[in-house]
Each structure stands twice: as C-alpha cells, then as structure tokens.
Amino acid sequence: MKTIQFFLKKLTGAFITIFAIIVANFVIFRIAPGDPIRMMFHDPRVSAEQIKAMQIKFGLDKSLWGQFIDYFKQLMKGDMGFSFWQKRPVIEVIGDRIGHTLILVVTALIIATIIGILLGAIAGWKNGSKTDRSILSVSLVLYSIPTFAMGILLLLIFAYVLSIFPLGGISTPASGFTGFMYIKDVIWHLILPAFSIILWYIGEYILMTRSSMVEVLDQDYIVTARTKGLRESTILRKHALRNALLPVVTLSGVNFAFAIAGVIEAETVFSWPGIGRLTYDAVMKRDYPLLQGIFLLFAVSVVLANFLVDLIYSRIDPRIKTGDVNV
Amino acid sequence: MSDISLNNKQKKTKIRRQKIKDFISLLINHRMGKVGVGVIIFFLFIAFAAPLLRTVNPHQSGNAVEILIPPDGQFWFGTDDLGRDVWSQVIYGSRISLLIGFISALATILTGTLVGIIAGFYGGIIEEILMRIVDFFMMLPALPLMIVLAAVLGPSIWNIIFVVSLISWPTTARVVRSQILSLKERPFIEASRCIGASNSLLMFGEIFPNVVPILFAEAVIMITEAIYAEAVLSFLGLGDPVRMSWGSMLHFAFDSGVMARAPWWVLPPILSIILLIVGFSFLGTAVSDVLKPGYKETKGL
Amino acid sequence: MRKNSLSKMFIVMIILIFAGSALFAGGQKDGKSAKANDARFNVGFTTEEAISTLIPDESWQYVEMGCIFWPLVYDQLWVMGPAPDYKPVPMLATSWETEDNQTWIFHLRKDAKFHDGVAVTAEDVAFTLEYFPASDPAWEYEDTDCEDIQVIDDYTIQFTLSAKHGGDYPPVYWTPILPKHIWEDYKDDMHSFNNDDAIGSGPFHLKEFQSEQYIWLESNEDYWGNVPEAKTVVLKTYGSSEAEYMALKKGEIDMIGYNSIDPLALDGFKGVDGVEVKIDPGITIDWLSFNLHKENAISDLNVRKAIMYGIDTERLISLAFLGYADPADSFMYTELPDHNPNLPQFDYNVSKAKSILAGAGYKDTDGDGIVNDPKSGDNLVFELLGPSDWTMEVKMITLIKEQMKDIGIEISPKIVDLDTYYEFWYAPEEDSFDISIGNEEPGPHADWIWEFARSWDNGGEGWNCAYYNNAEFDEYLDDMAEQSDIDARRADLYKMQEILANDLPYGFLLRYKSINPVRSDKFTGYTSTMGGVSTWINPWSYYNVKPVK
C-alpha cells in the first residue's frame, strides 16, 4: 500500500514539474525582446500584411493565453510545433541532432564512469593515504577545469599544432565512406570532444565514488566483518564495493540526463553538430518552438531519471517511502 | 533575569569565537585547505592591488605595431588583436571573477537560507510548496537556461550574477532545510520554545547560528560554480562587452582566427580560471572535511 | 610525492591520446587518398555561414553558403559578368528587349534542361516570377514586381513591371529559375517543401546535403554551357574561422567560401607551400547609422558632424584591418563612374569636432570630461549598437568609443547577437539605439542600396535604419530607378550622394579589402571580382577553376 502511495506521489510530482516546465519555458521565451516573425524573415522589408499573415500561420496573433492553449493542445497530440528558424517540424530538427549528441555523451560517460569509479574506489578504500590524497587532488583539479577550456587546450595542441586529430565536426565531409570506414572516421572525430568531457566527469565520478566508499567503510557491517577477521580483499569485493557503487551507478542515470544538456561547451569548441550547439543557435535565432522542444526534452529526461532513481532508492532504503529521508 | 541572560550571551559569544578560531586553525592545517586559502589570498591580492602591478588600462588599444606581440619586457604577457596588454587584462579579470563569485554566492546563500529555514521550520503546506519550487528549479538544465536568460536579459555583469544566483539557490535551500529538520528536534530548541521564544527569534537566534558552518561550505561551492558559469557564458559571447573578463578574453581569442599563433593570449586566462576554481575547490573539500564530526579528534591524535 | 602521482596521471592520459591517434591515423590517410582521385574542389565556410535547409528563403541572400549554393545549382535568366566590366551575361535568356522600360520580353535558350531531364521553358520562368514575391518578402524587389506575366511561346516570356526599370541592367536580377513541375504542388507554402533534391538547371547538381555540415555538388555533364572542370565541389563547414584557415594550410580546402579572411591571419599564410594570397578591392561598406527618430542630441546635425570629424578612420583601418581597407564616403564605390567625387570629406580633426560641439552649445559644464546637452544638462552619452558576430565591427566600436572620449562624447557599446541587432535596427518605436554600426555588400549593380535612405514614411520602412525623411531625396531616387539615360541617372546619383553627405543620416566609414589565400598547387583559374574570389556576385571561380595536372 505504502509503495503504491509513494509511487503515486512521486508520479504526480513528476507531472506537476513537467507541467511547470512547459509553462515556464512558454513564458520565458515570450518575454524575451525581439520579434520572432521579423527574425524569421530576416528581411527588413516585410510589410505589415506579411507579418500579419505569418502571425496567423503560427498562431502568434492570439493572446498569450490562446497561444498557450494551442501549444498545450499540440503537445498533447505529440506535435512539438514548427521551427521558426529551420522552417520544419521541431521534432525533425531535434531528431537530426540528438543522435550525434548521444554518441558523444554515451561514449564519454561510459569511459568516465569506469575510470572514475575505479580510481574513486581505490581512493576511498585507502582513505587518508598518500594514494588517496593524490587521486583526490587530481580529481579536484580535473573537476575544476571548465570543459570549454579543456576543449580549447586539446584542440590547440592536438589539432592545430600537432595535426593529429581533425579540426572539428563529426565526420570527414563528403567522404563517401560507408560501413566500417565511416565508423572509424566518426571515432577519429570523436576522440578530442569526448576527451574534453571525459576528463571532467572522471573528476566527478572519483569524488562521488570516494565519498560513497568512505561512508560505507564506516558502516557497522564492515566493522563487524573486520572484527570477524575476514580478508581485506573479501571485504572490499563482497561488502564495500557493492554497497558503495549502488548510489554511484544510480546517480549516473541522472547525470546522463544532465550531461545531454551540458555538452554545449564541447560541441561549440569542436563544432559537433549536436543538440547543445542547436540550443545555442536556437537561443540566438529566438526560435521559440525549437527552444521549447529542446527544453521539454531536457526536462522530461531529467524528471524521468529522477523518478526512476527515487523508485530504485525506495527499494534500497525503505525509510525513504515514509519520508524520513530525503534523497 | 536580564543579568543572567547577558552573562549567557557573553559566554555564547566567547564559545563561538573560540569555535571559529578552532575552525580556522583546522582549516589552515588541512593540506588542501592550506593550498586553497593560499591561492584565494593570491588572487584577492592581485584583484585589490591591480593598479599597482604595473598594469595599464586593459581596454586601451595600442598602435598598429603593437598588435599580437609576444611577451617581452614591456608587455609581460604580450598583446591581443588590438594591441591591448594581456597582463593587465588578466589582472583586472580577476576582479570580475571574484566579484561575480562572491556576490552570486552571497545572493544564493541568502535566498537559499531564507527559503530553507522557512520551509524547514514551518513545515506543512508552506514546506510542500517551497520544496516543490526548489525541485522544479533543480530539474532545469542549468547551462541552457543560463544561456537563454543571459541572451534574453542582455549582456552585463549584473545580469550574469542574477542568472547564476537564480539557478543555484535551490541546492542551498535543500541543504539548509534538511539541516533544520534535524535541529528542530534537538532539546535546546524545545527548551527555548517552552520559555516562549518567538518564531523569528527561534529561527534566526537559535537555529540560524547552527547552520552557519554548513552555509560556509555551501558558499565556497557556490563561488566555484559562479566563477565557472561566468567563464562559460562569456566564452559563448554572452559576457559584459565593456568589461574584459577571462571568459571574454577566451571568446575573443577563439573568434580571432589566430589563437594558435598567440598562445600568450589564451593560456593566461585559461590557467587563471583553472587555478582560481581549483583554489576554491580545495578550500571546499577542506571545509567539508573539517566540518565532519570527529575530524578534530582524529587530527588531535 | 603528490606532484609525482599528478604528473604520472597526466602522462598516462597523454599516452592514451597518442594510442588513440595511432589507431586512427589510418582513417586520416584513407580520407586523403580518396580525395586525390578526383578533381575535387573543396571550399570552407564557418558554422555561422552554413545553411540549415535548401528552402529558398533568406538563405538565398543572407546566409553566405546559400549565396554560393544557389547560383551553382540554379540557372538565372542573366548574371552579372566578372570584373572589370560587370556586364550582364545571358544565361537562360539569350536576349531581352523593351520599348518603355516597363514591358519586357525575354527570349530563352532552347537547350537548357533541369537535372531531372525536363526542359526549361517560359512556363518555369513565369512560375518563378509569380511564386517568389508571393512566398517571401525577401523576394520583393522592384525588378521582379510584375503586374502582368504572359507566356508567348515555350521560349518567350513577356512581363510588365509595376514601375519602370532603367539603368544598365535588365530586370529579374539574382533570381534562380525553379522547375514548375516540381514546385507547383507546394506553391501556396514555400515551407511545406524541403527541396531536398534541389533540382535546378545550373552547372552543378546536388549529390548530398547535410544540414549545417556540408554540401556535396557534382558537375552537370548535360549542362547547356561549358561543363565545369571541377567535377566535384564540396562546401564544408568549420566550427571557427581558425579551423577553416588551418584546413586551408593543410590542404583540406582550396578556397575560403566567402569574401575575405581576417587580416590578422594573413601572416600565417605567407610562405605556406602551394598557397597564393589574392588581395582584391572590397565589396563591403561599413557605416554608422544615426537614429534620427530618437529625439535627442543625435538628431542635431552638428553632433553628427562632430562625431564624423572625431572618428580617426585611418586608425580604424590600421588597427582593425592592419591597413587592408580604404575610407568610404558613400554607398557607391569610389572607382565606379557614378561615384560623386566632390562629396564633403570629414577628415579626422579633434579640434574641429570640439569647436562644432562647442558652437552648438555642447559644453562640459560639470568638468567630467564629457560635454553636456544644453537642453537637458545631461552628459552626451550615446548607445552604439553592434552585433557580436561581426568581429571587425566590434573592434571598430571599441576604437570609436576611445576616439569619441577625446571629443567629449561618451559611447556605451551595445553588443547583441546578430538577430537581435537586426530586430533593433528596424524598431523605431522602441528606439533601441542611438548610433549603430552597419554594413552591406552593394556590388556594382546596386540600385537597391539607396532604399536605405528612402523616406521612412514613403516606402523606406524596413530599409531605412536611420529613419531619415527627405522628400527631395525620394524624387531623385525614383527618377534614377526609371532612367535609362546614363547621364541623367548619373546626375541623380550625384545629387543623392551629396544630399546624404550633407544631411548625415549615415556616416560612411570604410570598405575593407578582400584577402583570399587559395591553393594554387591544386587548382588554377581563380577569378577575382570586388569582394574576392567567392561572393554573392562571383560564382565565376567555381565555373573556371581547373585542376593542376
């Protein structure tokens, strides 16, 4: 019973948040200065009639409230609207780009998670030792370097000066590569942008795993295991690691949702044609429908990830259901 | 009655002072804390002493022959594409980063604490609503939202501070609230309530002082994030056009088309950003270490 | 000790990167050998210059890659010839005639085919002329504004313009002819058709289009004219101009796609093997627009004059352009015969600027170095608007701010993104700027540029970003547009330039040169016009380049 109640509460929460986001992102873009219709024509000579015609076409002649109702109805039908800038359905524009971002983020996160968890676990295990201190300092430094700054450094050194890697983009233009050659080409383009993201996330994962590990090692069952005289490696494998990694792995789900929104820096530096760069362009072109679409996508994925995390946590730690502990 | 309370107050202040002293000495003895504090003091010194450090007006253009010249005796860090002194830009840039860092952190902490205390103290429907708002803000993708707001509000240093604060306060609110929830149950609060202390006195007189250490840790994190955010926004070209910050130096260098030829224009701002953020991160780690229960004892051994 | 571990970590990382690069160095080599096989002409653009769709709206004339793509894939009735004469060159039309400058007959060539094999006929031309102005305001020009269109036979079309069209050039300039059989179904809504195949009748046909990444073209072997020797043309996108320059040095591209490189980058191309640098007269004219709609000191002619005397154009040229620019005093290029040589000049003169201000009552009454407006007593502070995307103009704003300080005027730069900038330009109600920096690429056939000064309330709306009103100017402008007599036209143009120079709605600054490094080791036959080897008026390099054997 409690489980269902908890589930329903979280679900309503998620829906309310998504609705609030829909409202907020509708409002934010409409209080922005700049008339989207004029920007759409990009031509100063538009007549009042033409502006009127376009306003009617896009429903911008209606009151804000009317526009919102229209927008909401559209959304319910699964229609995200029509991009002012690219003049095609928003879903198509996003669809063209999202795959590129996923390649970048998934690759980077997988590598960063593996390395980060490994180093973080070592640091946590050897808490207070010299190894711990050096891993901690390195991770703090990596975590402090803005992705764009790292990107510029990598681009400058490995593409501009040493000419080992391409100057940007996702593949060699008009190469005609197919199959394995194409994959190889994409990977070759992927390395630098992925690296600029990986380094930052390694830092984050080390910090996360380390603190989780330290916490677990303080728990009673570890102390008990030690007093029982179990071998250290057994304690590490059977008790500490498993329990320490659980929250880290779960959190990486949420992290993933945020990472998609956070690749703007790497995509800008390496001209990676993904969703991050698209967001930036859409802001600059005042393309409300596109921005609304992108934000909805970001928000829904974050809300969804959080929702899942809540559910998983509630299974791990029953106290959460009763509201004693806040995740 | 009044005599006793005065005495109590004096005692409390004394204890508090002693605590702060302890805290600082622990912090400075912490390896990372030492480095962090050192770096921050270094940058604070640079920011305050900027005019004395052989700087010129960082926005003053030079002559045609002074464009993009490498570091030499006159221009320690070389010049940029309008013959402006990179050294002066880096030095004065520290002012912008620190200013944005401190003010944003202050605004964030104030808002976050207020919301957190009110939510935690009153509970019920007020808490529900406030925490719903906090949740909502935490769901938003920070960087894209900052870009939208910065573009919408126009480029200026104050808008960046506003945007950064708007995005970051919910974390503080959450932390403060959970702290309050546990404090509320402590006996001393119950006791004060019994002797008839008003709500505001309880909130700000009794509870607030106990949250201060956590706030300090939060503030350090917020400063890091604000400095980071300013650098990213300025790099994307959304910075204040009238004030040259480290981020906007990188923006201009990246746009100039000759970045590879002029590393002296790129490396100083990048390294400054990294160093300053690392400084605050180290301090943050040290603070959270020191605040851990039992830290003093283990160090004492 | 900690240092040791730190450096170890970084060494490991660097080794990882190198290991990765060794693995994939193979991919790079394969890419290169594929390129060497054919006569592939690679041209670079930046992401900002790339087009996202092939819909013929603004991308045709506002986005750089569009300005190159459309003339290569779509034929026009006629195009402007190369330098130095810039004569009209027949393309789909073989000849044209008119008696009254209003009703025109165009005779079409009979051997032109679209890329899908269908013949180009007068029906297609008629369709295009009806379709464009109705679909997008970007296509409303006086020389395509028809009252009546008649298809006389398959290869003859007659149309009547709503106003007379004079001058050296026939009407219907810069208009791609669309295949009616493909577009007819979508004629009510330009944006309902993505034009993914881009069927035109031009010397190149589309092989592949990747939005904002690249356009891959191949020469049209069935073209009615000379088939280009560059069998493949790839318009590529790079994330920054620096990456684009690097690509040219490495040989990834053979030419810069639009207008000019930044003069700062010129040094980097000197002495690069296989690269030749071409320097041509510029096509872009930069100016200041004064917001005359705003009722403050900027509407005082004396203030505008003082500003113009206070600007050290030579310094702008030497610092922002490293000398690669010339002063400008009109929308008309100085070397063209229609340029009025007797325009008043505003040579840099601080004391003159100051005395003009003082004479008009602007004096520094509060001793802060900035003069005060005698009406309000406030400091003379002007907002100077510019787009962040225009690197050069941002530099100019920085310098102008410094120079204005010397004559006691404070400039507050207002740097916004390009779209907001245009939005501010044409929003008189909001008065979002006092002064703005502007530029255009008029080209040799530029009757349209004068619309920038047509009275705001007499049809100039949406052009005129100074909100200038002058009925006398409008009369000369209307007469000029209709005149075929060269001398009478010139007299009108002289007068128009003089009026603008005296009233100063616009303060002309400079015209920067086009600097273009090209790969001479791979191709020859790069063709220069004003604006360089590749601009909206110059598709000739693409037609003319030949691979070096």
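Reading the values: rules and limits
Residues numbered from 1 in each chain as written. Chains lettered and ligands numbered in written order. Predicted model: local features only at pLDDT ≥ 70, side-chain atom pairs only at ≥ 80, totals over all residues. Heavy atoms only, no water. Helix = DSSP H or I, 4+ residues; strand = E, 2+ residues; numbered from the N terminus. Buried < 20%, exposed > 50% of the residue type's maximum accessible area, 1.4 Å probe, protein only. Contact = heavy atoms within 4.5 Å. Lys, Arg positive; Asp, Glu negative; His and termini not counted. Charge placed at Lys NZ, Arg CZ, Asp CG, Glu CD. Areas by Shrake-Rupley, 256 points an atom, 1.4 Å probe, with all protein chains shown as cover. Polar contact = N/O pair within 3.5 Å; in protein donor to acceptor, adjacent residues only side chain to side chain. Buried area = accessible area lost by both parts, 1.4 Å probe. Salt bridge = Lys/Arg side-chain N within 4 Å of Asp/Glu carboxyl O. Pairing = 2+ DSSP bridges. Axes fitted to C-alpha atoms, helices over the stretch in contact; angles between N-to-C directions. Expected span 1.5 Å × (residues − 1). Bend = angle between axes of the 7 residues up to and from the residue. Phe/Tyr/Trp six-rings, centres within 6.5 Å; stacked < 30°, edge-to-face > 60°. Lys NZ or Arg CZ within 6 Å of the ring centre and 35° of its normal. pLDDT = per-residue confidence, 0-100. Core = buried A, V, L, I, M, F, W, Y, C linked by side-chain atoms within 4.5 Å. Domains from an automatic or database assignment. Patch = residues over 30% accessible without salt bridge, like charges linked within 9 Å, V, L, I, M, F, W, Y side chains within 5 Å. Parallel < 35°, antiparallel > 145°, perpendicular 65-115°, else oblique. Left-handed = near helix turned anticlockwise from the far one by under 90°.

Our next topic: the overall build of chain B. Each helix and strand in chain B was counted, giving eleven helices and zero strands. Moving toward the C terminus, one meets the helices and strands of chain B in the order α-α-α-α-α-α-α-α-α-α-α. A total of 301 residues make up chain B; the buried ones form 54% of that total. Taking contacts inside chain B between residues at least 6 apart in sequence as the whole, the part at least 24 apart equals 72%. Looking at charge distribution, chain B has the averaged site of its 24 positive side-chain charges lying 11 Å from that of its 20 negative ones.

Attention now moves to the overall build of chain A. The secondary structure content of chain A amounts to 13 helices and zero strands. The order of helices and strands in chain A, counted from the N terminus, is α-α-α-α-α-α-α-α-α-α-α-α-α. Considering only contacts in chain A between residues 6 or more positions apart, those separated by 24 or more positions represent 72%. Of the roughly 13,600 Å² of accessible surface on chain A, 66% is carried by carbon and sulfur atoms. Within chain A, one finds 31 positive and 22 negative side-chain charges whose respective centroids are separated by 5 Å.

So, about the side chain of B:Thr108. All names here are of chain B. For Thr108, the position within the fold is in helix α3 (residues 86-122). We classify Thr108 as buried; its relative accessible area is 1%. Of the polar contacts made by the side chain of Thr108, one reaches the backbone oxygen of Ser104; its length is 2.5 Å. Contacts of Thr108, omitting those with residues within four sequence positions, involve Ser165, Ser168, Trp169, Thr172 and Met222.

All right, on to the interface of chain C and chain B then. Facing the 23 residues of chain C at the interface are 25 residues of chain B. Carbon and sulfur atoms make up 56% of the surface buried where chain C meets chain B, a total of about 2,000 Å² over both sides. Scanning the region where chain C abuts chain B turns up one salt bridge. Note that C:Lys395 and B:Asp81 form a salt bridge whose closest N and O atoms lie 3.3 Å from each other. Counting the contacts that link chain C with chain B gives eight residue pairs in polar contact (both at pLDDT 80 or more).

Before going further, it helps to examine the sheet that holds strand β17 (residues 435-440) of chain C. Residues and elements named next belong to chain C. Within the open sheet, the six strands sit side by side as β14-β18-β13-β17-β15-β16. Their pairing is mixed. In this open sheet, the two edge strands, each paired with only one partner strand, are β14 (325-327) and β16 (410-416). With direction set aside, neighbouring strand axes in the sheet form an average angle of 25°.

The terminal C-alpha atoms of helix α5 (residues 90-125) of chain A, which comprises 36 residues, lie 49 Å apart, in line with the 52 Å expected from a rise of 1.5 Å per residue. A maximum bend of about 30° is found in α5(A) at A:Arg97.

Compared with the 54 Å implied by 1.5 Å per residue over 37 residues, the 53 Å span of α3(B) between its first and last C-alpha is a close match. B:Gly123 occupies a position one or two residues after α3(B) and carries a positive phi of about 65°.

Residue and element names in this part refer to chain C. In the structure shown here, the tally under the stated rule is 59 aromatic pairs over all chains. With 4.9 Å between their ring centres and 70° between their planes, Phe41 and Phe523 make a pair best called edge-to-face. Residue Phe41 is located in strand β1 (residues 40-46), and its partner Phe523 is located in strand β20 (residues 523-524); the two are separated by 482 residues in the primary sequence. Take Phe41: its relative accessible area is 0%, and that puts it in the buried class. Take Phe523: its relative accessible area is 3%, and that puts it in the buried class. The cationic tip of Lys207 hangs over the ring face of Trp216; the distance from NZ or CZ to the ring centre is 5.0 Å.

With that out of the way, let us pick up the confidence of the model for chain B. Do not read the fine detail of predicted coordinates wherever pLDDT is low. Residue and element names in this part refer to chain B. Predicted confidence across chain B gives a mean pLDDT of 86, with 95% of residues reaching 70 or more. The least confident element of chain B, judged by mean pLDDT, is helix α11 (residues 295-300) at 60; the most confident is helix α2 (residues 31-48) at 93. Two numbers describe this predicted complex: its pTM, 0.88, and its ipTM, 0.85.

Glancing now at the nonpolar core. Formed by 362 residues in total, the largest nonpolar core has its most connected members in C:Ile307, C:Trp450, C:Phe452 and C:Tyr542. Element by element, the count of residues in this core is highest for helix α8 (residues 199-235) of chain B, at 18 residues. Two domains each put at least three residues into this core: domain 1 (12-263 + 514-547) and domain 2 (285-512) of chain C. Every residue in contact with C:Trp450, bar those within four places of it in the chain, is listed here: C:Ser330, C:Phe331, C:Met332, C:Phe473, C:Leu477, C:Met480, C:Leu493, C:Met496, C:Gln497 and C:Leu500. Counting nine residues, the second-largest nonpolar core is a separate cluster that includes A:Trp125, A:Met213, A:Ile235 and A:Ala244.

Looking now at the pairing of strand β19 (residues 514-519) of chain C. All names here are of chain C. Counting buried positions over the six residues of β19 gives six, a clear majority of the element. Alternating residues of β19 divide into Ser514, Asn516 and Val518 and Ile515, Pro517 and Arg519, and every residue in both groups is buried. Of the strand pairs in this sheet, strand β12 (residues 275-280) and β19 are connected by six bridges, and their pairing is antiparallel. What sits directly across from Ile279, in β19, is Ile515.

Further remarks concern a positive patch on the surface. All names here are of chain A. Together, Arg231, Arg237, Lys238 and Arg242 make up a positively charged patch on the protein surface. Mapped onto the secondary structure, Lys238 falls in helix α10 (residues 232-262). Here Lys238 falls in the exposed class, since its relative accessible area comes to 52%.

Residues C:Glu140, C:Glu142, C:Asp145 and C:Glu147 make up a contiguous surface patch of negative charge. Mapped onto the secondary structure, C:Glu140 falls in the loop between α3 (122-135) and β6 (146-153).

In this section: the sheet that holds strand β4 (residues 93-98) of chain C. Residue and element names in this part refer to chain C. If you trace the four strands from one edge of the open sheet to the other, you get β4-β5-β7-β6, paired in antiparallel fashion. In this open sheet, the two strands that pair with only one neighbour each are β4 and β6. Mean inter-strand twist for the sheet, computed between neighbouring axes without regard to direction, equals 20°. As defined by bridge partners, β6 adjoins strand β7 (residues 156-161) across six bridges and the pair is classed as antiparallel. Within β7, the residue paired with Asp148 across the bridge is Thr160. α3 contacts β5 (103-108), β6 and β7 of the sheet and is inclined by roughly 170° relative to β6.

Turning to the confidence of the model for chain A, a few remarks are in order. For chain A, mean pLDDT is 82; residues scoring 70 or higher make up 91% of the total. Scored below 50 in pLDDT, residues 320-327 of chain A makes 17 contacts in the model with residues more than four places away or belonging to other chains.

Between side chains of opposite charge, a pair can form as their charged atoms come close. Summed over the entire model, instances satisfying the criterion amount to 32 salt bridges over all chains. For the salt bridge of A:Arg88 with A:Glu92, the shortest nitrogen-to-oxygen distance reads 3.6 Å. Between C:Glu451 and C:Arg454 there is a salt bridge; the shortest N-O distance is 2.8 Å. Across the pair, exposure class does not vary: C:Glu451 and C:Arg454 are buried alike.

Residues and elements named next belong to chain A. Taken N-terminus to C-terminus, the directions of α5 and α10 make an angle of 150°; their axes are 10 Å apart at the nearest point. In terms of orientation, α5 and α10 fall into the roughly antiparallel class. Note on packing geometry: the crossing formed by α5 with α10 is right-handed. Facing Thr101, Leu102, Val105, Val106, Leu109, Ile117, Ala121 and Trp125 of α5, the residues of α10 in contact are Glu232, Ile235, Leu236, Ala240, Leu241, Leu245, Val248, Phe256, Ala259 and Ile260.

On to the pairing of strand β8 (residues 204-210) of chain C. Residue and element names in this part refer to chain C. Pairing of β8 with strand β9 (residues 214-219), which is carried by six bridges, proceeds in the antiparallel orientation. Its bridge partner being in β9, His205 is matched across the sheet by Glu218. Taken together, β8 and the strand that follows it, β9, pair antiparallel across an intervening segment of three residues, in which Glu212 is found at a positive phi of about 60°.

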